[in-house]
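Read off the chains here:
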Amino acid sequence: MKINWAENLRQNVHQLAESLGNLFVETFHYLALFAIGAVTAWAAVMEFLQMIETGHIKIDDILLLFIYLELGAMVGIYFKTNHMPVRFLIYVAITALTRLLISNVSHHSPPDLGIIYLCGGILLLAFAILVVRYASSQFPSVKIEHPHRKIGAGSSEHTEVEKGEI
């Protein structure tokens, strides 16, 4: 009999610790997402104001704004779905390499072997997107977003299931 009360106490302590741990992790998660989103938005606004101040906009500046847009979308998707879309990271990398390519060609030096490396990197990243999209469609990871949230009016049997990426 004495072992039974000890086991119940152990389970209660374990449940309390797990609940508190989940609370702290989720709180940090949401605070970090809000901070990253705010910093991204602030950087984009500051860059835009700097463009207006200089009086002219270059293609490099527009591509930088696209990078901020993709980062903001990535934060929004991560906030809503709790998974990181790997494709968006690759899109950011492609946009950054394209920005570097345009900057090097138009402003700095005559074309050399570095341009071939940049184009190869962009091609490799585009191929990576193809692989990720194919893998996602052929081998979807099925996850239950909110196990307590139901779909449909009054439905108690259908839970929300989403096809996601790695």
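Residue positions are given per chain, counted from 1 along the sequence in the order it is written. Selection of residues for local features in this predicted model requires a pLDDT of at least 70, selection of side-chain atom pairs for listing and counting requires 80 or more, and totals for whole chains, interfaces and linings are taken over all residues. Based on all heavy atoms of the structure, the side-chain values leave hydrogens and waters out of the count.

**Regarding the overall build of the protein chain**
Turning to step 1, where the next piece is worked out: In DSSP terms, a helix is any run of H or I states spanning at least four residues, a strand is any run of E spanning at least two, and both are numbered starting from the N terminus. Assigned secondary structure in the protein chain consists of four helices and two strands.
Turning to step 2, where the next piece is worked out: Counting from the amino terminus, the protein chain carries its helices and strands in the arrangement α-α-α-α-β-β.
Turning to step 3, where the next piece is worked out: Looking at the protein chain as a whole, 22% of its 166 residues are labelled buried.
Turning to step 4, where the next piece is worked out: In what follows, a contact means two residues having at least one pair of non-hydrogen atoms within 4.5 Å. Taking all contacts inside the protein chain whose residues are at least 6 apart in sequence as the whole, residues at least 24 apart take part in 57%.
Turning to step 5, where the next piece is worked out: Accessible surface computed for the protein chain: about 12200 Å², of which carbon and sulfur atoms make up 70%. Three labels apply to residues, based on accessible area from a 1.4 Å probe with only protein chains included: buried if under 20% of the type maximum, exposed if over 50%, partly exposed otherwise in between. Computed with the Shrake-Rupley method and a 1.4 Å probe, the accessible areas treat only the protein chains shown as cover for residues.

**Structural notes on helix H4 (residues 113-138)**
Turning to step 1, where the next piece is worked out: A rise of 1.5 Å per residue sets the reference length of H4, with its 26 residues, at 38 Å; its end C-alpha atoms lie 37 Å apart and thus fit the reference within 8%.
Turning to step 2, where the next piece is worked out: Those residues of H4 that sit buried are Ile115, Leu118, Ile122, Ile129 and Ser136.
Turning to step 3, where the next piece is worked out: In protein, a polar contact requires one atom able to donate a hydrogen and another able to accept it; more generally it is a pair of N or O atoms within 3.5 Å, and residues adjacent in sequence count only if both atoms are side-chain atoms. Between the side-chain oxygen at the start of H4 and the backbone nitrogen of Gly114 there is a gap of 3.2 Å, and the oxygen is on Asp112. Multiplying 1.5 Å by the helix residue count minus one yields the expected span of that helix.

**A look at a nonpolar patch on the surface**
Turning to step 1, where the next piece is worked out: Patch membership is restricted to residues that have no salt bridge and whose relative accessible area is over 30%. Joining uses 9 Å for like charges and 5 Å for the nonpolar side chains Val, Leu, Ile, Met, Phe, Trp and Tyr. For salt bridges, the criterion is a side-chain nitrogen of Lys or Arg within 4 Å of an Asp or Glu carboxyl oxygen. Residues Trp42, Val45, Met46, Phe48, Leu49 and Ile52 make up a contiguous nonpolar surface patch of about 630 Å² in total accessible area.
Turning to step 2, where the next piece is worked out: Here Ile52 is to be found in helix H1 (residues 2-54).

**Points about the pattern of salt bridges**
Turning to step 1, where the next piece is worked out: Applying the stated criterion to the full structure yields one salt bridge.
Turning to step 2, where the next piece is worked out: Notably, a salt bridge pairs Glu7 with Arg10, separated by 2.6 Å at the nearest N-O pair. With Glu7 and Arg10 both in helix H1, this residue pair falls three residues apart, about one helical turn.
Turning to step 3, where the next piece is worked out: The partly exposed category is assigned to Glu7, whose relative accessible area is 31%.
Turning to step 4, where the next piece is worked out: Using a relative accessible area of 49% as the deciding quantity, one classes Arg10 as partly exposed.

In short, geometric facts, not functional conclusions.
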